[in-house]
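# Overview (structure and organization)
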Amino acid sequence: MCKTLISVVVATYNGERFLEKQLDSILHQTRPADQVIIRDDGSTDNTVALAERFIQEHHLEGGWRLVRAEQNEGYCLNFLRGIALAQGDLIFLSDQDDLWLPEKIACMAQAMEQN
């Protein structure tokens with residue numbers, strides 16, 4: 001059986017209060033994501049800088065990517081444009097203030113692979 005490729009699309013907008021905890025919960029999954037796309041929707045706070053720093057500090061440049069919108073387009077388009085960049089067989093969506101339990105990806109991927 002081939003390994004299912006997992007993508008996570010994180011939609012952000014002025015989410016500096018929540019972002020580090022959220023990204024940390026995605027990073028520490030028992031089954032790591034193969035690709036994480038953080039799509040920022042034109043934040044005017046430190047969201048982009050925090051995301052860039054998180055990726056660099058954890059040496060995630062290979063599988064994690066920050067994409068910035070030139071202007072605010074709203075959360076629907078932010079997610080849709082992030083999904084369009086995802087390459088995984090399974091794509092998880094995450095709002096900027098979500099906190100994931102460590103087994104989230106593993107449990108959901110197992111359910112999908114079995115069914």
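Quick look at the structure, then.

Conventions and cut-offs
Residues numbered from 1 in each chain as written. Predicted model: local features only at pLDDT ≥ 70, side-chain atom pairs only at ≥ 80, totals over all residues. Heavy atoms only, no water. Phe/Tyr/Trp six-rings, centres within 6.5 Å; stacked < 30°, edge-to-face > 60°. Buried < 20%, exposed > 50% of the residue type's maximum accessible area, 1.4 Å probe, protein only. Salt bridge = Lys/Arg side-chain N within 4 Å of Asp/Glu carboxyl O. Helix = DSSP H or I, 4+ residues; strand = E, 2+ residues; numbered from the N terminus.

### Overview of the packing of aromatic side chains
Two aromatic rings are characterised by how far apart their centres lie and by the angle between their planes. Tallying each qualifying case throughout the model produces 2 aromatic pairs. Taken together, a centroid distance of 5.9 Å and an interplanar angle of 55° make the contact between Phe92 and Trp100 tilted. In terms of burial, Phe92 and Trp100 fall into one category: buried.

### A few points about the pattern of salt bridges
One pass over the full model with this rule turns up 6 salt bridges. A salt bridge links Arg53 to Glu20, with the nearest nitrogen and oxygen atoms 3.5 Å apart. Taken as a pair, Arg53 in helix H2 (residues 47-57) and Glu20 in helix H1 (residues 19-27) lie far apart in primary sequence, 33 residues in all. Classification of Arg53 by relative accessible area gives partly exposed; the value is 36%. Relative accessible area serves as the criterion here: at 43%, Glu20 is assigned to the partly exposed category. Through salt bridges that share partners, Glu20, Arg53 and Glu57 make up one connected network.

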